[in-house]
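Chains, contacts and geometry: an overview
Here are the chains, one letter per residue:
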Amino acid sequence: MAKKATREQWGSKLGFILAAAGSAVGLGNIWKFPYVAGENGGAAFILIYLMCILVIALPVLLAEILIGRTTQRNPVGAFKQLSGKPFWVAVGGMGILAGFIILSFYAVVSGWSLGYIVEAATGKFYEFNQIGSSGAHFTDLTQNTLWNISYFAAFMILTMVIVYYGVQKGIERGSKIMMPLLFLILIVLMIRGLTLEGAEKGLDFIFNPDWSAITGKTILVALGQAFFTLSLGMGAMLTYGSYMSKKDNIPISAVEIIILDTLVALISGVVIFTAVFATGESPNVGPGLIFHTLPIVFTKMPGGLFFGVLFFILLSIAALTSAISLLEVVVAYFVDDKNWQRHRAVVIFGFFTFLLGIPSALSFNILADFKIFGLTFFDLMDYLSSNILLPLGGLLISVFVGWVWGLDNAIPNLKQGAENLFNKFPWMLDIWVVFIRYFAPILIFLVLLNALGII
Ligand code: PHE
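We now turn to the structure provided with this report. Please read all numbers here as calculations on a predicted model, not as lab measurements.

**Quick word on the packing of helix α6 (residues 86-121) against helix α8 (residues 145-164)**
Two elements in contact, α6 and α8, have axes whose closest approach is 7 Å; the angle formed by their N-to-C orientations is 105 degrees. In this view, α6 runs roughly perpendicular relative to α8, as classed from their interaxial angle. Of the residues in α8, those in contact with Leu103, Ser104, Ala107, Val108, Ser110, Gly111, Trp112, Leu114, Gly115, Tyr116, Val118 and Glu119 of α6 are Trp147, Asn148, Tyr151, Phe152, Ala154, Phe155, Met156 and Leu158. Per-class residue counts for the contact of α6 with α8 are 14 nonpolar, five polar and one charged.

Now the structure itself:
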């Protein structure tokens, strides 16, 4: 197969880890995790989320990277190669659809982050001495249709430019510099958060569980968040795994990605909730949470202007490294399977994503009262993709690896590059087998049924 020989690969092992971590770490950790935890009762939600990561997401992450690396294909091509049955090819197709939907609203929020670089740089934050004014400013901005759409468009163009230049030059190079920097600034913000007056109430909220707040729906949201934050269940990790070499160690890479992603989410939780409680904001204001609270934190720290600008630059970059993985999934399919030019796929699908994102951008202004199943268009896209399509994708991927493609095929492939690890700890393989065959699919199935009200 001549095409395979010319397919790009990561420049180094670190390239994969950084790019995959770049996909995982993004708005999901810094923007979404705090606000969903805030809406769902804090500590108890966070514990369930951590359980979902460990018991469900980790085994599925291994499976997804494994399918990608084994086939060196995009999600659709990978299922075609391993099974060929239309049902499984459609599972790959569902992932591509999910990527397209997620990017459409993800880029809207990323646009806010871009816009906030300008707000921070022009000293706007210093006009806010209390939470009300910062929240009101956010509402004003998002009610401005032009502001919303133009930053959304700007972000989509940035994403398209990077994906246009391809895997190594675009995706890998960007991630290498930005990820460590983002981590550093979060730690600075965490220290500021912890030293704010009233910070203990925030810590109490995220570490002291109140189980009465938990319902079947909360569990679904926690599961959806686990998938969303790890870019799981739609083939992004599969696609990134497909650029990986057979010499790389999949289990170790997966664990590294998970540790990094979870750390960033938890640190963001501390940053946001110490600030929320110190400033008297309510934890459940929804998607605007970090835009309400962080500007106040910046006004309360030395060098706040500098840190404010830097933070929103890095947040935008974290969003960008995730957005490119979403677009890359769609593009990889059209390049591999439809023989499209990469450039053409980028332009066409970038444009369609922008069109689908417009009603999400308008959900905070013109379409604010337009509800479907009681949700705005923005919330509906988020709910549908994060809480339904991703867990369903994860369920099907685990069934596929555990039962259809089968462990006789999966295990030798998983062992490649991880011989030492599995020779030393053979029981790890047994645990993964039990989780991918039974625990992950059964648990996801039960959570989905429960949330649909069937059990
Ligand atoms: N994981 C990304 C984040 O946390 C979002 C994402 C979801 C990216 C699915 C790719 C695929 O921001």
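That covers the picture; the talk isn't over yet.
**Structural notes on helix α15 (residues 304-336)**
With 33 residues, α15 should cover 48 Å at 1.5 Å per step; its first-to-last C-alpha distance of 47 Å lies within 8% of that length. Maximal helix bending in α15 amounts to about 25 degrees, located at Glu328. Among the 33 residues in α15, 28 count as buried, and that is most of the element.

**Notes on the side chain of Thr274**
One can find Thr274 in helix α13 (residues 250-279). For Thr274, the side chain forms a polar contact with the main-chain oxygen of Val270, separated by 2.6 Å. In contact with Thr274, other than residues within four places in its own chain, are Gly193, Leu194, Leu196, Ala199, Gly202, Leu203 and Gly269.

**Considering the site of the ligand**
Neighbouring residues of the ligand: 14 residues in total, closest Ala24, Gly28, Tyr106, Phe228 and Ser231. Between an oxygen atom of the ligand and a main-chain N or O atom of Gly28, the distance comes to 2.8 Å. Across the shell around the ligand, the residue classes break down as six nonpolar, eight polar and no charged.

**Points about unusual backbone geometry**
Non-glycine residue Gln72 carries a positive phi angle of around 55 degrees. Summarising the element assignment, Gln72 is placed in the loop between α4 (43-71) and α5 (75-82). Overall, Gln72 belongs to the buried group, its relative accessible area being 14%. Of note in the backbone geometry, Ser231 takes a positive phi value of approximately 55 degrees without being a glycine. Here Ser231 lies in the loop between α11 (216-229) and α12 (236-241). Classification of Ser231 as buried rests on a relative accessible area of 10%.

**Thoughts on the nonpolar core**
Phe311 and Trp432 are the most contacted members of the largest nonpolar core, which has 166 residues in total. Not counting residues up to four positions away in its chain, the partners in contact with Trp432 are Pro59, Leu62, Ala63, Leu66, Val401, Leu407, Ala410, Ile411 and Leu414.

About the thresholds
- Residues numbered from 1 in each chain as written.
- Predicted model: local features only at pLDDT ≥ 70, side-chain atom pairs only at ≥ 80, totals over all residues.
- Heavy atoms only, no water.
- Axes fitted to C-alpha atoms, helices over the stretch in contact; angles between N-to-C directions.
- Helix = DSSP H or I, 4+ residues; strand = E, 2+ residues; numbered from the N terminus.
- Parallel < 35°, antiparallel > 145°, perpendicular 65-115°, else oblique.
- Contact = heavy atoms within 4.5 Å.
- Nonpolar A, V, L, I, M, F, W, Y, C, P; charged D, E, K, R; others polar.
- Expected span 1.5 Å × (residues − 1).
- Bend = angle between axes of the 7 residues up to and from the residue.
- Buried < 20%, exposed > 50% of the residue type's maximum accessible area, 1.4 Å probe, protein only.
- Polar contact = N/O pair within 3.5 Å; in protein donor to acceptor, adjacent residues only side chain to side chain.
- Near = heavy atom within 4 Å.
- Core = buried A, V, L, I, M, F, W, Y, C linked by side-chain atoms within 4.5 Å.

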